[in-house]
Amino acid sequence: MTQYKSDFLNILNQRGFIHQCSDFAALDSKLQSGVQSAYIGFDATAPSLHVGSLVQIMMLHWFQQCGHKPITLMGGGTTKVGDPSGKDESRKMLDDAAIAANISGIQQVFSKFLKYGAGASDALMVNNADWLESLNYIDFLRDYGTHFTINRMMTFDSVKLRLEREQPLTFLEFNYMILQAYDFVELHRRYKTVLQMGGSDQWGNIINGVDLAHKALRQQLFGLTTPLLTTASGAKMGKTADGAVWLSADLLSPYDYYQYWRNTDDADVGRFLKLFTVLPVTEIAKLEKLQGADINEAKKILAYEATKMLHSAQAAQNAQDTAQKVFEQGDTGDDLPRVTIPAARLQAGVALIDLLVEAGLSSSKSEARRLVQSGGARVNGEKIENETALITAQHQDAQGIVKLSSGKKKHVLVTVD
């Protein structure tokens, strides 16, 4: 394994974060010359980030732990343009109010992993709308447009793949890579930022910024990317059959977040422990050696540690206790997701199909019907195969709760008001 002089690159290398770097040796040297500033950009396209962004957030976390200053750049400006990378169609346009609301939600996620403040190594959140929205278009083109050629821009995957699929690429989106490159230049001017990090799909955009700084400022800046992260099954991180794995408790409960990690494929446990927890690599090495049923203990540790980082130690413990009650003791568990319906409605009887949808265990009535037909729907642990079944007050336990399940791993408690 390559050894670096800087703690940051060594930690990232040991834990599997590194894919590409514009200049390893020069960056390694720069990181030893005092407190440095690095950033990652996040467009505000949703009210929360999902697990797919967690690798980048953890890079910023380790950057700060090594005594440097991380910057979370919110794309208040670039969100209005849309990054074409990996997409077959243009991004839906959001208004200023929606973008501001999304930034507010995302900021709450960052604060779980980074310490913000005015100190030398305290994290800083900035918004590229602060400079992009005040640009004079003609002056900007004259000053920076000459540093980009259409020939080279056409070679980047974000452009090339869209055209190969014969999907339209608007002129608005075509400008995205120029604006992202300019972000790097502006952050260097304002905060002496020397490093941009991101996923491997952002390599072309990042290198554009490195090149622009060299041409326009005569400065050497650096780019560092992580590998494209997929699960052992080949699935993209952050998405499941049930939708995105959100990092906001308002969109995904701590219990469901815990269960996402608890259900990790055996082959991914060691890798995910290195990427998504702060456990020492020596301890992870021991957990990686577990075989057979023992690997479940490593999965529990992964789920607990990942949930603790995002939601708190108490939330992780509650989720772990609930999982134990549900799966090992057959109990309902206090931390399971809940849905509340009027008592009179339950008294009259609620169609199981409707309740499965309302509880979020199925996305539609047709999907709920298929779940029942396949034998995957359960009420209080009992399989229900009649798609016209009604759930009534007779299904309540002593605490007035009905436990609704999809398979053996997804549960929601139905309560009344």
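Described in the following lines is the structure provided in the data block. As the structure is a computational prediction, the values presented were derived from the model and not from experiment. (Residues numbered from 1 in each chain as written. Predicted model: local features only at pLDDT ≥ 70, side-chain atom pairs only at ≥ 80, totals over all residues. Heavy atoms only, no water.)

So, on to the overall build of the protein. Helix and strand counts for the protein come out as 19 helices and 15 strands. For the protein, whose C-alpha radius of gyration is 24 Å, the value lies close to the compact-globule estimate of 22 Å for 417 residues. Principal-axis analysis of the C-alpha atoms gives the protein an extent of 75 × 50 × 40 Å. For the protein, with 417 residues in total, the buried portion stands at 50%. Taking all contacts inside the protein whose residues are at least 6 apart in sequence as the whole, residues at least 24 apart take part in 71%. (Helix = DSSP H or I, 4+ residues; strand = E, 2+ residues; numbered from the N terminus. Rg over C-alpha atoms; globule rule 2.2 N^0.38 Å. Buried < 20%, exposed > 50% of the residue type's maximum accessible area, 1.4 Å probe, protein only. Contact = heavy atoms within 4.5 Å.)

Turning our eyes to something else, we now look at the pattern of salt bridges. Tallying each qualifying case throughout the model produces 13 salt bridges. Ionic pairing is found between Arg190 and Glu186, a salt bridge with its closest N-O pair at 2.9 Å. Within this pair, Arg190 and its partner Glu186 are both found in helix H10 (residues 176-191), separated by 4 residues, close to a single helical turn. Taken together, the shared-partner salt bridges connect Lys80, Asp96 and Glu133 into one network. (Salt bridge = Lys/Arg side-chain N within 4 Å of Asp/Glu carboxyl O.)

It is worth spelling out a nonpolar patch on the surface at this point. Residues Tyr137, Ile138 and Leu141 make up a contiguous nonpolar surface patch of roughly 290 Å² in combined accessible area. Structurally, Tyr137 is set in helix H6 (residues 137-144). Under the relative-accessibility criterion, Tyr137 is labelled partly exposed at 47%. (Patch = residues over 30% accessible without salt bridge, like charges linked within 9 Å, V, L, I, M, F, W, Y side chains within 5 Å. Areas by Shrake-Rupley, 256 points an atom, 1.4 Å probe, with all protein chains shown as cover.)

With that settled, consider the nonpolar core. In terms of nonpolar packing, the biggest core is built from 98 residues, with Phe8, Leu195, Leu224 and Trp261 touching the most fellow members. In terms of residue count, H10 provides more of this core than any other element does, 9 residues in total. For Trp261, the residues in contact, after removing those within four places along its chain, are Val51, Leu54, Met237, Phe272, Phe276, Lys299, Leu302, Ala303 and Ala306. If you look at the next biggest cluster of nonpolar residues, it comprises 22 residues, including Ile341, Leu356, Ala377 and Ala389. (Core = buried A, V, L, I, M, F, W, Y, C linked by side-chain atoms within 4.5 Å.)

Hydrogen bonds along the backbone pair up the strands of a sheet, which may run parallel or antiparallel. The 5 strands are arranged E9-E15-E14-E11-E12 in an open sheet whose pairing can be described as mixed. In this open sheet, the two strands that pair with only one neighbour each are strand E9 (338-341) and strand E12 (382-383). Judged from the 5 bridges that link them, strand E14 (residues 402-406) and strand E15 (residues 410-416) form a sheet pairing that is antiparallel. Within E15, the residue paired with Leu404 across the bridge is Val412. (Pairing = 2+ DSSP bridges.)

Moving on, we get to the environment of Ala26. Mapped onto the secondary structure, Ala26 falls in helix H2 (residues 24-31). Leave out the neighbours within four places in its chain, and Ala26 touches Gln220 and Phe222.

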